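This is what each chain is made of:
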Amino acid sequence: MPRTVRDVVFVDGVRTPFGKAGGLYAETRADDLVVRVIRELLRRNPQLPPNRVDEVAIAATTQIGDQGLTIGRTAALLAGLPKSVPGFAIDRMCAGAMTAVTTVGSGIAMGAYDVAIAGGVEHMGRHPMGEGVDPNPRFLAEKLVDPSALVMGATAENLHDQFPAITKERADRFALASQQRYAKALAEGRIQADLVTVATRSQESGWGLASADEPPRPDTSLEKLATLRTPFRPHGRVTAGNAAGLNDGATGCLLAAEEVAQELGLPVAMRLVSYAYAGVEPEVMGVGPIPATEKALRLAGLSISDIGLFEINEAFAVQVLAFLDHFGIADDDPRVNPWGGAIAVGHPLASSGVRLMIQLARHFAAHPEVRYGLTTMCVGLGMGGAVIWENPAWEGDK
Amino acid sequence: MTTVEFPNEVVTKALVRYVTVPGLSGEAALITLDNGFDHTKPNSLGPAGLASLEAALDEIEARTPRVRFIAITGKPFVFCVGADITGMPLITRREDALAIARRGHQIFARLRNSDVPTFAFINGAALGGGLELALHCHYRTLSSSVTMVALPECSLGLAPTWGGTQLLPNLIGPDAAVTVIIENPLNQNKMLRAAQAHQLGISDVLLDPADFLERSLEWAAGVVSGQITVQRPEIDRGQAWDAALARGKAIADARIRGAAPAPYAALRLLELARHASFEEGTATEDEVLADLMMSEELRSGLYAFDLVQRRAKRPAGAPDRSLAREITKVGIVGAGLMASQLALLFVRRLEVPVVLTDLDEERVTKGVNYVLGEIAALESKGRLSAGKAAKLRGLISGSVDNRVFADADFIIEAVFEEMKVKKQVFADLEGLVSPTCVLATNTSSLSVTEMAADLAHPERVVGFHFFNPVAVLPLLEVVRGERTDDATVATALAVGKQLKKSCVLINDAPAFVVNRLLTRFLGEVFAAVDEGTPIPVADRALDPLGLPMSPFTLLQLVGPAIAHHVAQTMHAVFPDRFGVSENLARLVAAGKPGVYIWDETGTPKVDPEVEALLQVGDRPSTEEQVRERALTAVAQEIRIMLDEGVVQDPRDIDLCMILGAGWPFHLGGITPYLDRTGISERVTGQRFLPRGVASLPA
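Since this is a predicted model, take the numbers as computed values, not measurements. (Residues numbered from 1 in each chain as written. Chains lettered and ligands numbered in written order. Predicted model: local features only at pLDDT ≥ 70, side-chain atom pairs only at ≥ 80, totals over all residues. Heavy atoms only, no water.)

A few words now on the overall build of chain A. The helix and strand inventory of chain A stands at 12 helices and 12 strands. Relative to the compact-globule value of 21 Å for 398 residues, chain A shows a C-alpha radius of gyration of 20 Å, a close match. Overall, the C-alpha framework of chain A stretches about 60 × 60 × 50 Å when taken along its three principal axes. The buried share of chain A, reckoned over its 398 residues, is 60%. Taking the intrachain contacts of chain A between residues at least 6 apart in sequence as the baseline, contacts between residues at least 24 apart amount to 79%. Carbon and sulfur atoms form 54% of the exposed surface of chain A, whose accessible area is close to 15,300 Å². Placing the 36 positive and 45 negative side-chain charges of chain A at their respective mean positions leaves the two points 2 Å apart. (Helix = DSSP H or I, 4+ residues; strand = E, 2+ residues; numbered from the N terminus. Rg over C-alpha atoms; globule rule 2.2 N^0.38 Å. Buried < 20%, exposed > 50% of the residue type's maximum accessible area, 1.4 Å probe, protein only. Contact = heavy atoms within 4.5 Å. Areas by Shrake-Rupley, 256 points an atom, 1.4 Å probe, with all protein chains shown as cover. Lys, Arg positive; Asp, Glu negative; His and termini not counted. Charge placed at Lys NZ, Arg CZ, Asp CG, Glu CD.)

Throughout the structure, instances matching the rule amount to 18 aromatic pairs over all chains. Their ring planes at 75 degrees and their centres at 6.4 Å tell us that A:Phe310 and A:Phe323 sit as a pair that is edge-to-face. Remark: A:Phe323 occurs in helix α10 (residues 317-326) and A:Phe310 occurs in strand β10 (residues 307-312); sequence separation between them is 13 residues. Of the two residues, A:Phe310 and A:Phe323, both sit in the buried class. When the ring of B:Phe574 is compared with that of B:Phe578, the centres are 5.9 Å apart and the planes differ by 35 degrees; the resulting orientation is tilted. The burial state of B:Phe574 is the same as that of B:Phe578; both residues are buried. Ring pairing ties together the aromatic residues B:Phe69, B:Phe119, B:Phe121, B:Tyr139 and B:Trp219, which thus form one cluster. (Phe/Tyr/Trp six-rings, centres within 6.5 Å; stacked < 30°, edge-to-face > 60°.)

Take the sheet that holds strand β4 (residues 78-80) of chain B next. Residue and element names in this part refer to chain B. Read across the sheet, three strands follow the order β4-β6-β8 without closing on themselves; strand pairing throughout is parallel. The open sheet is flanked by β4 and β8 (149-150), the only strands paired with a single partner. With two bridges connecting them, strand β6 (residues 125-127) and β8 associate as parallel partners. Residue pairing across strands places Leu127 opposite Ala150, the latter belonging to β8. Sheet contacts for helix α3 (residues 129-136): β4, β6 and β8; angle to β4, the most-contacted strand, approximately 75 degrees. (Pairing = 2+ DSSP bridges. Axes fitted to C-alpha atoms, helices over the stretch in contact; angles between N-to-C directions.)

For the rest of this paragraph, the subject is a positive patch on the surface. Together, B:Arg349, B:Lys381, B:Arg383 and B:Lys500 give the surface a local cluster of positive charge. Relative to the assigned elements, B:Lys381 resides in the loop between α14 (361-380) and α15 (386-395). (Patch = residues over 30% accessible without salt bridge, like charges linked within 9 Å, V, L, I, M, F, W, Y side chains within 5 Å. Salt bridge = Lys/Arg side-chain N within 4 Å of Asp/Glu carboxyl O.)

When two helices pack together, you describe them by how their axes are tilted relative to each other and by the distance separating the axes. Residues and elements named next belong to chain A. At their nearest, the axes of helix α1 (residues 30-44) and helix α2 (residues 71-78) sit 9 Å apart, and the two run at 60 degrees to each other. On the basis of their axis angle, the class for α1 and α2 is oblique. The handedness of the crossing between α1 and α2 comes out as right-handed. Of the residues in α2, those touching α1 at Asp31, Val34, Val35 and Ile38 are Ile71, Ala75, Ala76 and Leu78. Considering only residue class, the contact of α1 with α2 consists of seven nonpolar, no polar and one charged. (Parallel < 35°, antiparallel > 145°, perpendicular 65-115°, else oblique. Left-handed = near helix turned anticlockwise from the far one by under 90°. Nonpolar A, V, L, I, M, F, W, Y, C, P; charged D, E, K, R; others polar.)

Residue and element names in this part refer to chain B. Within the largest apolar cluster, 87 residues are counted, with the highest numbers of intra-cluster contacts made by Ile31, Leu53, Phe79, Leu133, Leu168 and Ile182. When neighbours within four sequence positions are excluded, Ile31 is seen to be in contact with Ala14, Leu15, Val16, Leu53, Ala56, Leu57, Ile60, Ile70, Ala71, Ile72 and Thr73. Counting residues in each nonpolar core, the second largest holds 82 residues, with Leu429, Phe526, Ala635 and Ile679 among its members. (Core = buried A, V, L, I, M, F, W, Y, C linked by side-chain atoms within 4.5 Å.)

Residues and elements named next belong to chain B. Burial of strand β7 (residues 139-143) is extensive: four of the five residues sit out of reach of the surface. Here four bridges tie strand β5 (residues 118-122) to β7, and the two strands are oriented parallel to one another. Bridge assignment links Phe119 to a residue of β7, and that residue is Tyr139.

Moving on: the side chain of A:Thr376. In this fold, A:Thr376 is placed in strand β11 (residues 372-379). What A:Thr376 contacts, discounting residues up to four positions off in sequence, is A:Met98, A:Pro289, A:Thr293, A:Glu311, A:Ile312, A:Asn313, A:Phe323, A:Leu356, A:Gly385 and A:Ala386.

Another aspect to go through is empty space enclosed by the protein. Gaps left between atoms are located by rolling a probe of water-molecule size over the structure's atoms. All names here are of chain B. Applying the stated criterion across every chain yields a total of four cavities of 30 Å³ or more. Taken as a whole, the largest cavity encloses approximately 80 Å³ of empty space. Phe526, Val529, Asp530, Ile535, Phe552, Leu555, Ser581, Asn583, Leu584, Leu587, Val595 and Leu614 together form the lining of the largest cavity. Within the residue set of the lining of the largest cavity, elements represented by two or more residues are α19 (514-531), α21 (551-558) and α23 (582-589). Residue composition of the lining of the largest cavity, by class: nine nonpolar, two polar and one charged. (1 Å grid on protein atoms, 1.4 Å probe; cavity = no way out; pocket = protein on both sides within 12 Å on 5 of 7 lines; lining within 4 Å. Points joined across faces, edges and corners; volume = space filled by probe spheres on them.)

Sheet strands pair by backbone hydrogen bonding; their relative direction is either parallel or antiparallel. All names here are of chain B. An order of β12-β11-β10-β13-β14-β15-β16-β17 is seen for the eight strands of this open sheet, with the pairing classed as mixed. The strands lining the two open edges of the sheet, one partner per strand, are β12 (396-399) and β17 (502-507). Taking the axes of each pair of neighbouring strands and ignoring which way they run, one obtains an average angle of 25 degrees across the sheet. Looking at chain direction, strand β13 (residues 410-413) and strand β14 (residues 438-441) are connected through four bridges and run parallel. Considered in β14, the bridge of Phe410 is made with Val438.

Another aspect to go through is unusual backbone geometry. Residue B:Pro65 is reached from B:Thr64 by a cis peptide bond, and omega for that bond is -10 degrees. As for its placement among the helices and strands, B:Pro65 is situated in the loop between α1 (47-62) and β3 (70-73). Residue B:Pro469 is reached from B:Asn468 by a cis peptide bond, and omega for that bond is -5 degrees. Even without being glycine, A:His235 reaches a positive phi, approximately 55 degrees. Mapped onto the elements, A:His235 comes out in the loop between α7 (222-227) and β8 (247-257).

It is worth spelling out the domain arrangement of chain B at this point. All names here are of chain B. Assigned domains within chain B: domain 1 (13-294), domain 2 (321-505) and domain 3 (514-645). Centre-to-centre, using C-alpha coordinates, domain 1 lies 45 Å away from domain 3. When the two sides are added together, the surface that domain 1 and domain 3 hide from each other amounts to roughly 380 Å², 41% of it contributed by carbon and sulfur. On inspection of domain 1 and its partner domain 3, the count reaches one salt bridge. The partner of Arg257 in a salt bridge is Asp543, and the shortest N-O contact between them spans 3.6 Å. For the interface between domain 1 and domain 3, the tally reads one residue pair in polar contact (both at pLDDT 80 or more). (Domains from an automatic or database assignment. Buried area = accessible area lost by both parts, 1.4 Å probe. Polar contact = N/O pair within 3.5 Å; in protein donor to acceptor, adjacent residues only side chain to side chain.)

What follows is about the pattern of salt bridges. For the structure on display, the rule yields 76 salt bridges over all chains. Here A:Glu169 ties to A:Arg173 by a salt bridge, and the two come within 2.7 Å at their closest N and O atoms. With A:Glu169 and A:Arg173 both in helix α6 (residues 168-187), this residue pair falls four residues apart, about one helical turn. Take A:Glu169: its relative accessible area is 46%, and that puts it in the partly exposed class. One network of salt bridges, in which partners are shared, links B:Arg516, B:Arg520, B:Glu524, B:Glu531, B:Arg577, B:Arg629, B:Glu637 and B:Glu644.

Moving on, we get to the interface of chain A and chain B. Listed by partner, the interface residues are 19 residues for chain A and 22 residues for chain B. For the pair chain A and chain B, the summed buried surface comes to about 1,700 Å²; carbon and sulfur atoms form 52% of the total. If you look at where chain A meets chain B, you find six salt bridges. B:Asp211 is the salt-bridge partner of A:Arg39, the closest N and O atoms lying 2.8 Å from each other. Linking chain A to chain B there are 10 residue pairs in polar contact (both at pLDDT 80 or more). Looking at the side of chain A that touches chain B, the elements that each hand over two or more residues are α1, β6 (198-200) and β7 (208-210) of chain A. Ranked by the residues each element gives to the side of chain A that touches chain B, the list is headed by α1(A), at four residues.

Structure follows, in structure tokens:
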């Protein structure tokens, strides 16, 4: 008899405030950020006995130093989880945390795990993108990949080339909206609930406390955005203002088999429906979410019109707009990134996937009329990842 | 107020940042105490440090809108370990000492009197003035990883006079305060671990170290917003207070018999704390600190503390450490109790194969079983993990066949204390081991040079003299024979360090340092008794020094047989100065363990059978005369030992007596006491140490 597949649910998620590389977390270790997230997850869910956690999967792009040493395992030990709880490290660059989620989610579905922690961290101040990399010379020699593929900003410029309808002005406007939506959500007290404070050391000025995201620029304007340099191409379209910055932060979530969540009395915030990863031409990595989403929809037997809420990572405004154009969604559709996105809050590479999920879970709770939601992101070297979720609060067709 | 400065102060800065804590509107001020070094140089508060804290509090007070609360925390692993004592030897005037006392009070009082709540987040070691700072705060959180919470001032010759004696009993009760202020410091300076400190009530909440600061800030916000209420126990100011003080006095009397002022001053302050206002209590604390800081006992205490902290860790005269050879296997000749204790120590600390040998299978098995039994006991007490215990069990073995020593790097003999026997042991070993295998002897009175004389390689022989009980007493006399080479000395010192002992390097001479001085010292006391001084009189005579035990109690501990044997050995070498007591010989012959027996109430009295067998003269001495005579002898002997080069420096003599005989800090070991009483100058024509080094400056 074929094995039974179980339903996987997203129980809860938290994140550290995000910082600017070289700023808030300059003297804080990346693994300490993960430890804080893990401890907070357990503190918020006291019904979960720590020894019931079957795996801790933590993503980081640059697995060196304080992001190395099999960070899922080391962070679990440092967080005080019992030694019987195993852990591992995982990497798919920007989609690291998302991949951690789908990987342990698969393990839960197949019965290998009941409960797991998945998340991601990136301290881009200590580990800039590309630290320690050694690309194989064949990439360039055999023209396997266009040279621009290795520079994310260049791939964004390539996207503008490919979709001339996505102008700089549209990109700037989208960026402004992201900042404004974030500021509004913050003012309404929505962002804070998902944050866990982090003690930040400074040898020169003493201990401080990170309790708010550092990157947002609520006072930006179209005028200011228009004046910014285009570092990836002269007279280009991609600026620091319509892209996510270089950031530090960590995210984590609790996943469980739905029946186990019920057994333990854990809340169910989202139900995992389907997921997909897809490869695209690396020099236009920004389109990755499109084939990934189409595959995820197909596996779920859904169409884009079934998706009522979207959390799409804003590595660059142009790639979000490319996605929206493809699916015929308006730039300012309120269902898309209702609280703004990475352009405002930052994109610590491997951690972002779970931030999207944390926020989608909140949107689900506020919108019981929505049944399905999507978290999706583009990934360096030309990939996309997409996860479709179901809202357990959905009240049914009315 | 006079401002005192410490020229070499390592300044602990009070760094201020303002933070927002979720759940509380407005900001909180977070002060971090940090001297810019890692935990090997912990935070301490000298005049500049206090000034920095004052400036921080000024800045916070001036800030508008006002902060909701003020919190103080430390740098990783260290909160604050107290007042800066490095400047204390430089204080020459009582008014400067008084100024230091007042300055600490002045600044700490601001935390107590603050109109916004104040919190101490004790993240690491909190000792002395550091703990007093925390006690002045309205609330305290404590990290469960902290292993050092204490008010150790009395062990040095000071008292917790920056508010500790007034605040602590009123927070945790008088009996617990006596434990912290009197009992622990006089008991090898024992300190509290976090759980114990919390249990006593020193902290309001105990938090995990992983997110200690974040959770402390959250907790503080909860207290300030009213969501968390802190309960403090009601303190019994009646009978319990009397009982506690009586207990404290009994402890001080038992330890030092009134020989030093500090704990008694602390007890007076604890009595005052019962009813006095904080202002009156702290004003008295000021005067007490000034008095204690200008006391000889404190100056000797600072000197002794420095010896134990620094000189003990880097033995004077040590050769280059790089000369030390690696030890991969240890051999122990002999399997008696001493040898077995050594085997346990070596296997635990070095974690290399340790093999015991003795004359017959039965003795060997007994020795090995002793070690295995101790390992099992440690494991069941949780002091050794199962894995570690299994490892140690696998490393210990025994044999009657000396050939097991062939690949040993370090062999120590603990056989019968007779030169012929020891020489034979070494001669036998030499045929089996490598030329560079260190042959160490645990002899307490025989010549290391002589023991090595007939060997082909005498340069690898070294004295390695432990003190009983081996597991407890930290001193290790490392004795260089005439031919002992630097590599052997370096190796011996390195092994001593691995064994976590404090090594003092000594040039071969009879009975080295501790036993030589104790024998000379006790010899005078026994001679006085032989002459007709009643035992109780002679035994009381040294009470004013506050030694850990009286001469005849020490005799009972060591055993008359050993004391007599050593005396005979010393008499043979120095007949003019070391006598042999006929009465001691009689005690040995009668098989008596000592002169005392204990009655039903546990009070010691002189055994009438002993009284009967003693034959004494009719020239009794007074207590004063006995004391004078004993100390004169000690002064003379020390001067001879220094002149003969047994050790280079009086500091080594003092270090040996502190660590090997438990002689107290308030004597500075012994030479500071001899200097300040004028005995050294009268007997030897000169002081041992310059004025000001271990005494009040001129």
